[in-house]
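Listed below, chain by chain, are the residues.
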Amino acid sequence: MGSILTEGIGYFVLVGVGLIMALIVTLLVKAETKWLGTRKTFEWFYTAGRNVKTGLIACSVVSAWTWAATLLQSSTVAYQFGISGPFWYAAGASIQVVLFTILAIELKRKAAMSHTFPEIINVRFGKHAHKIFLGFGLMTNTIVTAMLVLGGAAVVNSLTGVNIYVAAFLIPLGIIIYTFFGGLKATFFADYVNAGFIFVIILIFITAIYFVSPDIGGISGMFEKLGKSATSNPVEGNSGGAYLTMASAGALVFGVINIVGNFGTVFVDQAYWQRAIAARPRSAVKGFLIGGLAWFAIPFALATTLGLGAVAVGVTLSPQQVGMGLIAPSAALQMLGDIGAILLLTVLFTAVTSAGSAELVAVSSLVTHDVYRTYIKPASSGRELMKISRLSILGFGFGMGILATILILLGANLQYLYLVMGILIGSAVVPITLAIVWRKANKYAAILGAIVGLVCGISGWILSTSVLYGEVTMSSTGQNIPLLIGNLTSILTGGIISVVGSIVKPENFNYQIMKQRILVVDSRIRARIEKDTDETFLKNAARFSYRYALVLTFILVLIWPIPLYFSGYVFSLFVYHIWIGIAIAWAVGAAIVIIALPLIEARKAIVEVIFRIMSLSFSWHSPGDRSRVLDTKAKENGNIFFDNFDTYKKEANSKMRKILVAIDGSTESLRALNYAVYLFGEGVATRMILLNVIEWADENDDFLDEQMSDEILQEGRKMLRSVLVPGFHDYERVVKLGDPATKIIETADRLNVDVILMGVKGLGNNQSDMGHVTRKVLKMKSKSVVLLS
């Protein structure tokens with residue numbers, strides 16, 4: 001298949017869209033840190049403050065789980081097996097996210113301050129187990145990343161003619177930029193943008209193909225065309241050779257492989273543990289359940305549309321092209337023209353970058369926490385850890401391209417990697433799960449299960465290939481039966497050894513040890529965790545997660561598909577209409593939830609940011625009477641003389657309820673405090689806030705770690721404690737770090753004070769009549785300001 005779009009479009013998507021997405025995400029992170037009081041520490045960089053709400057967790061799950069394979073491989077199995085292919089892809093990969101809900105809430109109960117899953121393994125099973133499962137975690141991230149880049153590069157190359165090796169190196173570019181600066185929170189923002197975009201594009205494809213395209217003729221037209229295709233080219237292993245049946249042996253085998261392999265890529269992937277860690281305790285269960293069910297709609301609706309559409313319009317590709325995942329772009333091109341190809345190319349690229357960002361952060365956290373901090377320098381500071389983490393992001397980011405290039409040269413493709421991954425990582429699933437959910441799990445059984453399961457899985461895969469096909473090649477090892485044997489052997493062997501060994505020689509682990517040995521250094525985040533940890537709520541949430549995760553899994557993989565499989569039923573037109581209606585309704589409902597819920601939950605923060613931006617926009621044009629300048633001296637050198645002091649005092653006493661006094665230790669600021677006491681110390685109950693801002697060029701400076709920040713703020717507290725406020729009982733001392741003028745205005749707005757009092761000058765050496773901080777406050781003001789000298 002020759003390239004349809006120009007190379008210019010390919011490079012625009014690779015570079016232009018990547019940089020645009022990086023700019024949007026970076027600006028969102030900047031807005032949060034600048035206007036919402038978030039400070040970038042190392043802990044924030046990797047956990048997003050551990051207060052992410054349900055909507056954003058769900059978006060993040062959808063986006064992180066939407067690989068190139070989701071958009072490409074799902075349509076491939078629809079093309080190969082018919083309508084059962086998209087269902088088994090969706091059901092076989094969504095139940096893992098739903099079941100991971102159990103691990104997410106158990107983590108909140110037993111290891112709320114953890115940073116990575118190998119950190120939990122280290123406390124639970126010791127150093128040897130830690131190294132082994134760290135290896136499995138890194139292998140999982142490597143496999144997932146390889147699939148992302150391979151699928152993306154193959155589609156860019158096939159549609160635009162951009163060199164596949166160049167595409168493999170350009171895809172990670174935008175990912176590196178925003179992940180480098182924004183860490184996990186940048187990934188969450190990218191996830192929201194990406195998830196919303198994916199659902200919009202899916203709804204466009206559904207509308208265009210089922211309700212607009214003359215080539216298809218609506219749902220009834222699709223039904224007729226698929227019936228004719230089954231007559232001329234029946235599907236081997238399907239009931240009656242039909243495309244419209246769930247009775248498909250090939251799809252069932254794929255479904256089992258899909259289920260087994262995807263347990264590894266969720267339960268052994270640090271990216272999902274990182275989302276559980278970042279979630280608020282009250283958001284973890286709902287976030288993963290909603291995310292898993294919303295994600296189901298993507299392969300189910302998209303592949304049912306594009307994959308079956310490719311069959312209906314007669315798309316013909318070579319086996320190699322099918323293996324590269326080119327069914328979906330070919331169908332989009334043939335049914336919607338260049339617009340369809342561009343839309344799919346763009347959504348594929350954003351999906352790859354968003355999921356790739358999750359893998360980048362995951363690898364960086366493993367290298368930083370579980371390699372550098374655990375084995376190289378345990379006493380490392382936040383500054384050092386931030387440096388290592390960013391070096392890891394750069395190294396693995398550029399390593400993505402090198403890895404993809406090697407795999408392309410070896411002849412590996414997206415489909416092959418997708419089906420092999422369970423053999424390589426499946427044996428670690430049960431041991432990792434037992435570490436967090438079962439106190440009797442034995443560490444030696446867990447280690448043995450993971451290693452022996454891997455060896456047996458690979459051996460079963462290779463031996464069955466040799467016996468069945470007489471040779472071991474890339475082609476023969478990619479056949480379904482050897483892959484099924486290898487996947488099942490790996491996960492079952494690992495699980496059986498772990499469980500049986502633990503029953504024979506059980507341990508009695510006390511999970512309180514995890515709470516004692518795994519700590520968060522950042523005092524603010526630690527306080528937040530302690531405040532949010534309600535044991536009663538967590539126990540109820542755990543019971544809820546076990547109940548509903550298991551019930552949903554049972555429905556998706558047994559109750560729904562198995563009766564249809566054994567009945568051999570071939571869909572009638574009426575049933576096909578119902579099936580497509582379910583797919584469309586699921587996609588629409590998921591789109592509404594994924595797009596709207598994060599906005600609803602963040603509405604206060606959004607309004608706050610908009611207010612801040614508008615305040616900055618209009619600050620130069622605000623009316624002059626919003627500030628009152630009071631000088632007790634005669635008018636000299638341009639100073640303003642306010643001659644009705646008693647009138648102002650009376651007005652202040654009658655209207656002011658909350659005042660902020662900026663104090664830097666200078667004579668001018670202390671004099672301002674004295675005047676504040678005189679003005680507001682009588683008549684009415686007034687609350688006074690004493691604010692000291694320690695000047696720092698950039699409070700989000702990566703070199704300003706938690707320890708240094710605390711030491712600096714402690715000096716400010718000492719200064720404020722030395723300041724007496726005679727006659728006042730209702731006052732508080734506040735210390736901030738950053739730009740003084742900015743912090744004065746931000747604090748005044750946040751506490752909703754009625755007036756700001758400060759000296760005309762401060763400690764600076766400014767020789768003019770007014771200090772630089774004072775001038776800046778007057779320009780930025782959103783409250784009345786009284787200057788005293």
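Residues numbered from 1 in each chain as written. Predicted model: local features only at pLDDT ≥ 70, side-chain atom pairs only at ≥ 80, totals over all residues. Heavy atoms only, no water.

Observations concerning the nonpolar core
Our working definition: Put simply, buried Ala, Val, Leu, Ile, Met, Phe, Trp, Tyr and Cys residues joined by side-chain atoms within 4.5 Å make one nonpolar core. Type-normalised accessible area, obtained with a 1.4 Å probe on protein chains alone, sets the label of each residue: buried when under 20%, exposed when over 50%, and partly exposed for intermediate values. Working definition: helices are DSSP H or I runs of at least four residues, strands are E runs of at least two. Numbering for both runs from the N terminus. Throughout, a residue-residue contact means that at least one pair of heavy atoms, one from each residue, lies within 4.5 Å.
Counting residues in each nonpolar core, the largest one holds 200 residues, and the members touching the most others are Trp67, Leu306 and Tyr576. Element by element, the count of residues in this core is highest for helix α14 (residues 327–376), at 20 residues. Setting aside chain neighbours within four positions, we find tyrosine 576 in contact with Ile83, Tyr210, Ile219, Met222, Phe223, Leu226, Leu244 and Phe571. Counting residues in hydrophobic clusters, the runner-up holds 23 residues, among them Ala672, Leu679, Val725 and Val735.

Some words on empty space enclosed by the protein
As a reminder of what qualifies: A 1.4 Å probe that fits but cannot get out identifies a cavity on a 1 Å grid over protein atoms alone, an open set with protein on both sides within 12 Å along at least five of seven lines counts as a pocket, and a residue lines either if it has an atom within 4 Å of a point. Grid points are joined across faces, edges and corners, and a volume is the space filled by probe spheres set on the points. Here the nonpolar group is Ala, Val, Leu, Ile, Met, Phe, Trp, Tyr, Cys and Pro; Asp, Glu, Lys and Arg are the charged ones; every other residue, Gly included, is treated as polar.
Enumeration over the complete set of coordinates arrives at 3 cavities of 30 Å³ or more. Of the volumes computed, that of the largest cavity is approximately 80 Å³. Of the residues forming the lining of the largest cavity, the biggest block, 3 residues, is contributed by helix α21 (residues 523–532). Grouping the constituent residues of the lining of the largest cavity by class yields 5 nonpolar, 1 polar and 4 charged.

What about the packing of helix α29 (residues 740–751) against helix α30 (residues 772–780)?
Going by this rule: Axes here mean lines fitted to C-alpha atoms, for a helix over just the part in contact, with angles spanning 0 to 180 degrees between N-to-C directions. Note on angle classes: values under 35 degrees are labelled roughly parallel, values over 145 roughly antiparallel, values of 65 to 115 roughly perpendicular, and the remainder oblique. Here a crossing is called left-handed whenever its near helix is offset anticlockwise from the far helix by less than a right angle, and right-handed whenever the offset is clockwise.
Interhelical geometry of α29 versus α30 gives an angle of 40 degrees and a closest axis separation of 8 Å. Our classification of the angle between α29 and α30 gives oblique. The hand of the α29/α30 crossing is right-handed. For the pair α29 and α30, the contacting residues are Pro740, Ala741, Thr742, Ile744 and Ile745 in the first and Val773, Lys776, Val777 and Met780 in the second. Its residues assigned to classes, the contact of α29 with α30 comprises 7 nonpolar, 1 polar and 1 charged.

Regarding the pattern of salt bridges
The condition is simple: By convention in these notes, a salt bridge is any Lys or Arg side-chain nitrogen within 4 Å of a carboxyl oxygen on Asp or Glu.
Taken as a whole and judged by the stated rule, the model has 9 salt bridges. When the shortest N-O distance is used, the salt bridge between arginine 109 and glutamate 535 registers 3.7 Å. Taken together, the residues arginine 109 in helix α5 (residues 84–110) and glutamate 535 in helix α22 (residues 535–559) connect sequence positions 426 residues apart. In this structure, glutamate 384 engages lysine 377 in a salt bridge whose closest nitrogen and oxygen atoms are separated by 2.3 Å.

Considerations on the packing of α5 against helix α11 (residues 270–278)
As a packed pair, α5 and α11 sit with axes 9 Å apart at the nearest point and diverge in direction by 50 degrees. Between α5 and α11, the crossing angle belongs to the class labelled oblique. For the pair α5 and α11, the sense of crossing is right-handed. Where α5 approaches α11, its residues Phe100, Leu103, Ala104, Leu107 and Lys108 are matched on the opposing element by Tyr272, Trp273, Ala276 and Ile277.

Considering the packing of aromatic side chains
For the record, the criterion: Aromatic rings from Phe, Tyr and Trp, taking only the six-membered ring of Trp, are treated as a pair when their centres fall within 6.5 Å; an angle between ring planes under 30 degrees marks them as stacked, one over 60 as edge-to-face, and anything in between as tilted. Lysine and arginine charges are scored as sitting over a ring when NZ or CZ, respectively, is within 6 Å of the ring centre and within 35 degrees of the ring normal.
Applying the stated criterion across every chain, the model contains 32 aromatic pairs. Where phenylalanine 87 meets phenylalanine 296, the ring centres are 6.2 Å apart and the plane angle is 80 degrees; that geometry is what we call edge-to-face. Of this pair, phenylalanine 87 sits in helix α5 while phenylalanine 296 sits in helix α12 (residues 281–312); the two residues are 209 residues apart in sequence, bridging distant segments of the chain. As far as the burial class goes, phenylalanine 87 and phenylalanine 296 line up, both buried. An aromatic cluster of three or more residues is present, and its members are Phe87, Trp88, Phe296, Phe300, Trp560, Tyr569, Phe571, Trp579 and Trp586. The aromatic ring of tyrosine 511 is capped on one face by lysine 110, whose charged end is 4.3 Å from the ring centroid. Sitting above the plane of the phenylalanine 537 ring, arginine 282 keeps its charged end 4.3 Å from the centroid.

Looking at the environment of serine 213
Cut-off, in case you're wondering: For this analysis, a polar contact is any N or O atom pair within 3.5 Å, provided that within protein one partner can donate a hydrogen and the other can accept it, and provided that sequence-adjacent residues contribute only side-chain to side-chain pairs.
For serine 213, the position within the fold is in the loop between α8 (164–212) and α9 (218–232). For the pair serine 213 and methionine 335, spaced 122 residues apart in the sequence, the C-alpha separation amounts to 6.9 Å. Excluding its chain neighbours within four sequence positions, the residues that come into contact with serine 213 are Ala208 and Met335. Here the side chain of serine 213 touches aspartate 215 through a polar contact of 3.3 Å, landing on its backbone nitrogen.

What about the side chain of serine 669?
Secondary-structure assignment places serine 669 in helix α27 (residues 667–680). Within polar-contact distance, the side chain of serine 669 engages the side chain of aspartate 664 at 3.1 Å.

Let's talk about α9
To keep it simple, the criterion reads: The span one expects for a helix is its residue count, reduced by one, times 1.5 Å.
With 15 residues, α9 should reach 21 Å at 1.5 Å per residue; the first-to-last C-alpha distance of 21 Å fits that figure. Along α9, the residues classified as buried are Gly218, Ile219, Gly221, Met222, Leu226, Ser229 and Ala230.

Some thoughts on the pairing of strand β5 (residues 755–759)
Stated formally: Strand pairing is assigned whenever DSSP detects at least two bridges linking the two strands.
Burial analysis of β5 places 5 of its 5 residues in the buried class, the great majority of the element. Going residue by residue along β5, you find Val755, Leu757 and Gly759 tucked away on one face and Ile756 and Met758 tucked away on the opposite face as well. Pairing between strand β2 (residues 658–662) and β5: 3 bridges, direction parallel. Bridged to isoleucine 659 within β5 is valine 755. Bridging between β5 and strand β6 (residues 784–788) involves 5 bridges; their strand directions are parallel. Residue pairing in the sheet places isoleucine 756 in a bridge with valine 785 of β6.

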